[in-house]
Amino acid sequence: SFAKIVLTADRKTMDGKRIKLFFRRFAIIFFGMKVVEKDLDAKGVWKMIFVGEVEMEHCHSSIGSRKFLLRVMRTPNLYILAKEL
């Protein structure tokens, strides 16, 4: 891939809706070469608004639909993460 941002973190489940993240390291990689790497000492609580499987139609009908694990979190920013199943 052209560019990749890598964030290393540990997480601790606080309850059924919240996780606490401890951010350890940040890196930026271009064309497979690490150009920036920095240790972090940050933490935050992320509140899960929605976690579940969803099926999405692709805009090109020949591809059809695909299933994703969708996570919506407030950190206080709103993050939406999708992972194809």
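What you see is a predicted model; the values in this text were computed from it and never measured. (Residues numbered from 1 in each chain as written. Predicted model: local features only at pLDDT ≥ 70, side-chain atom pairs only at ≥ 80, totals over all residues. Heavy atoms only, no water.)

(A) Highlighting the confidence of the model for the chain. Mean pLDDT over the chain stands at 90; residues scoring 70 or higher make up 93%. Here strand β5 (residues 78–84) is the element of the chain with the lowest mean pLDDT, 89, and strand β2 (residues 18–30) is the one with the highest, 95. (pLDDT = per-residue confidence, 0-100. Helix = DSSP H or I, 4+ residues; strand = E, 2+ residues; numbered from the N terminus.)

(B) Inspection of the sheet that holds β2 at higher detail. Taken in spatial order, the five strands of this open sheet run β1-β2-β3-β4-β5, and their pairing is antiparallel. Because the sheet does not close on itself, it has two edges, and the strands there are β1 (3–13) and β5. Taking the axes of each pair of neighbouring strands and ignoring which way they run, one obtains an average angle of 40° across the sheet. For strand β4 (residues 65–74) and β5, the ladder comprises seven bridges, and the chain directions are antiparallel. Within β5, the residue paired with M73 across the bridge is Y79. (Pairing = 2+ DSSP bridges. Axes fitted to C-alpha atoms, helices over the stretch in contact; angles between N-to-C directions.)

(C) Geometry of the pattern of salt bridges. Summed over all chains, the structure comprises six salt bridges. In this structure, the salt-bridge partner of R25 is E37, at a minimum N-O distance of 2.7 Å. In this pair, R25 sits in strand β2 while E37 sits in strand β3 (residues 33–57), placing the two residues 12 residues apart along the sequence. Of the residues examined, R25 reaches a relative accessible area of 33% and is grouped as partly exposed. Relative accessible area serves as the criterion here: at 40%, E37 is assigned to the partly exposed category. Between R25 and D39 there is a salt bridge, with the nearest N and O atoms lying 2.5 Å from each other. Of the two residues, R25 sits in strand β2 while D39 sits in strand β3, which places them 14 residues apart along the sequence. Classification of D39 as exposed rests on a relative accessible area of 53%. Here the residues in one salt-bridge network are R25, K34, E37 and D39, joined through shared partners. (Salt bridge = Lys/Arg side-chain N within 4 Å of Asp/Glu carboxyl O. Buried < 20%, exposed > 50% of the residue type's maximum accessible area, 1.4 Å probe, protein only.)

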